[in-house]
Amino acid sequence: MIQLDAVQTVAFAGLTLFAGYALCRAIPFFRRYNLPEPVVGGLLVALAVWWAHSQQTTLFQLDTTLKTPLMVAFFTTLGINASVRLLRVSGKQVMLFLLIASLFALLQNFIGIGVARLFGLHPMFGVLAGSATLTGGPATGLAFAPQFEAAGLVGAESLAVTAAMAGIICGGLVGGPVITMLMQRFRIAHPSQKASEAQLQDDAIVVHYPNESAREFDALKSIVVLLIAMWAGTWVGKAFEGMGLTLPAYIGAMLVGAVIRNIDDYTGWIRLSVSTTDLIGNICLALFLAIALMDLKLWELAGMGVPLLVNMIIQVSVVALFAVPIYLLMGRDYDAAVMGGGFIGFMLGTTANAMAVMRRLVQRYGPAPRAFLVAPLVGAFFIDFINALIITGFLNFWPH
């Protein structure tokens with residue numbers, strides 16, 4: 001068995017990413033349906049680990065210490081790029097998208113409870129395998145596991161991890177193909193490269209570098225601001241904990257990043273480059289997803305049995321079909337279609353998955369700035385609050 005330390009694990013994740021890119025370039029199906037490269041590469045390693053496990057062998061031991069900092073760094077870059085100027089344009093859509101996501105989280109729980117009754121299981125199986133782990137992801141599922149155990153659901157923690165892993169896999173694999181078929185079905189026009197570049201010029205502070213030293217200094221500014229936001233974000237997170245709120249680790253850093261961005265927009269003191277910050281965030285996202293997927297124990301999915309499988313099939317089918325109403329309600333345009341990809345991603349596990357799906361789409365079809373404002377704000381901020389209330393309501397008021 002190979003023992004990898006934290007740095008070696010990230011290096012291995014980098015190699016996994018290159019494998020994902022190679023497979024996506026070599027296999028037409030992957031290109032056609034926009035499968036995210038980190039998901040493809042990470043699953044390749046996870047499948048190899050699963051095969052080795054079936055042979056009573058352990059290939060390697062990962063040190064995932066840097067996985068959380070990479071995740072926090074990515075979401076912090078989203079906060080740093082969250083300008084109030086764009087929020088003024090899309091504020092109503094954020095509220096509409098949040099309403100749709102909240103109603104769908106309720107639907108996930110009703111579907112899960114229906115499956116639990118079908119197999120004679122505890123009804124809270126449906127909630128934990130529903131919005132607690134699909135909308136909320138592994139962090140929310142594990143945070144609420146003691147409450148589910150107290151309600152009488154045995155093995156809640158194991159179920160939370162397994163259902164969340166299944167959701168992450170399905171969200172990464174399903175989002176791209178579904179939206180690609182949606183665009184073909186509705187013949188959705190997407191921006192040309194020239195128009196896309198013009199849009200980015202309008203929405204971001206575009207910096208022209210006179211020399212390589214200026215480019216390096218701009219990158220240094222973005223990295224230092226990112227680290228400061230992550231540093232200050234830990235204090236904000238502890239303040240939330242003191243208020244009794246259970247939130248993802250990245251929320252505090254995102255809030256600090258957003259404050260810095262909007263102060264900079266008003267004063268022009270730092271002149272942060274959106275494109276540079278976005279590049280840093282993309283790299284962190286890719287490495288985070290690769291590490292997370294490499295660390296999956298796929299044999300645990302099979303161990304949960306038929307009820308979890310039936311629940312996942314129904315949940316994935318319903319969220320895929322829901323991409324059509326998202327497209328119709330959110331504007332019937334290219335941005336609305338990309339939002340549908342984000343919706344599939346974060347309603348099946350994590351906002352990081354949603355961003356990977358959306359970024360794969362825009363790499364092929366061009367930028368969708370409105371989608372990248374609306375989906376992260378809902379997926380990373382507001383739905384966590386609403387979902388916590390939904391889960392608490394089911395735990396306290398649904399008959400056990």
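Coordinates for the structure precede this section.
Worth saying up front: this structure is predicted, and the values here are computed from it rather than measured.

Undergrad: So, the side chain of asparagine 311: which residues are in play, and what are the values?
TA: Mapped onto the fold, asparagine 311 is located in helix H14 (residues 306-321). Among the polar contacts made by the side chain of asparagine 311, one reaches the main-chain carbonyl oxygen of alanine 129 at a distance of 3.2 Å. In this view, asparagine 311 contacts Ile111, Gly112, Val115 and Ala129; residues no more than four positions away in its chain are not counted.

Undergrad: Outline the environment of methionine 355, listing residues and values.
TA: Tracing the backbone shows methionine 355 in helix H17 (residues 351-365). Between the alpha carbons of methionine 355 and alanine 19 there is a distance of 20 Å; along the sequence they are 336 residues apart. Once residues lying within four places of it in the same chain are set aside, the contact partners of methionine 355 are Phe74, Leu78, Leu285, Phe372 and Pro376.

Undergrad: Go over H17, please, and point to the residues and values.
TA: With 15 residues, H17 extends 21 Å between its outermost C-alpha atoms, agreeing within 8% with the 21 Å of an ideal straight helix rising 1.5 Å per residue. The element H17 is largely enclosed, with a buried count of 13 among its 15 residues. Just beyond H17, the residue with positive phi is glycine 366, at close to 115°.

Undergrad: I'd like a description of helix H1 (residues 6-26), backed by residues and values.
TA: An ideal rise of 1.5 Å per residue puts 30 Å on 21 residues; H1 measures up with 30 Å between its terminal C-alpha atoms. Check the buried side of H1 and you find it contacts helix H2 (28-32), helix H3 (37-54) and helix H12 (274-294). Capping the start of H1 is the job of one residue whose side-chain oxygen sits 3.2 Å from the backbone nitrogen of valine 7: aspartate 5.

Undergrad: I'd like a description of the nonpolar core, backed by residues and values.
TA: Membership of the largest hydrophobic core comes to 113 residues, with the highest contact counts inside it found for Phe75, Phe97, Phe148, Ile179 and Phe343. Judged by nonpolar contacts, the second largest core, of nine residues, contains Leu43, Met165, Ile168 and Leu298.

Undergrad: So, the packing of aromatic side chains: which residues are in play, and what are the values?
TA: Within this structure, the stated rule accounts for 14 aromatic pairs. A ring pair is formed by phenylalanine 74 and phenylalanine 75, whose centres lie 5.0 Å apart and whose planes are at 65°; its orientation type is edge-to-face. Across this residue pair, the class does not change: phenylalanine 74 and phenylalanine 75 are buried. An angle of 80° between the planes, with centres 6.0 Å apart, marks the rings of phenylalanine 97 and phenylalanine 346 as edge-to-face. One end of the pair, phenylalanine 97, is in helix H5 (residues 84-118); the other, phenylalanine 346, is in helix H16 (residues 334-346), and 249 residues separate them in sequence. The burial state of phenylalanine 97 is the same as that of phenylalanine 346; both residues are buried. Through successive ring pairs, a cluster of aromatic residues spans Phe97, Phe104, Phe322, Phe343 and Phe346. Looking at arginine 185, its charged tip hangs above the ring of phenylalanine 186, at a distance of 5.4 Å from the centre.

Undergrad: Account for the environment of proline 38, with residues named and values stated.
TA: When you line up the elements, proline 38 lands in helix H3. Through-space distance from the C-alpha of proline 38 to that of alanine 290 is 5.1 Å; in sequence the pair is 252 residues apart. Once residues within four sequence positions are removed from consideration, proline 38 is found in contact with Leu17, Ala286, Leu289, Ala290 and Leu293.

Undergrad: Before we move on, can you summarise a nonpolar patch on the surface with the specific residues and values?
TA: Residues Leu96, Leu99, Leu103, Leu106, Phe110 and Leu329 make up a contiguous nonpolar surface patch of about 530 Å² in total accessible area. Tallying contributions element by element places H5 first for the nonpolar patch, with five residues. Relative to the helices and strands, phenylalanine 110 resides in helix H5.

Analysis parameters
Residues numbered from 1 in each chain as written. Predicted model: local features only at pLDDT ≥ 70, side-chain atom pairs only at ≥ 80, totals over all residues. Heavy atoms only, no water. Helix = DSSP H or I, 4+ residues; strand = E, 2+ residues; numbered from the N terminus. Polar contact = N/O pair within 3.5 Å; in protein donor to acceptor, adjacent residues only side chain to side chain. Contact = heavy atoms within 4.5 Å. Expected span 1.5 Å × (residues − 1). Buried < 20%, exposed > 50% of the residue type's maximum accessible area, 1.4 Å probe, protein only. Core = buried A, V, L, I, M, F, W, Y, C linked by side-chain atoms within 4.5 Å. Phe/Tyr/Trp six-rings, centres within 6.5 Å; stacked < 30°, edge-to-face > 60°. Lys NZ or Arg CZ within 6 Å of the ring centre and 35° of its normal. Patch = residues over 30% accessible without salt bridge, like charges linked within 9 Å, V, L, I, M, F, W, Y side chains within 5 Å. Areas by Shrake-Rupley, 256 points an atom, 1.4 Å probe, with all protein chains shown as cover. Salt bridge = Lys/Arg side-chain N within 4 Å of Asp/Glu carboxyl O.

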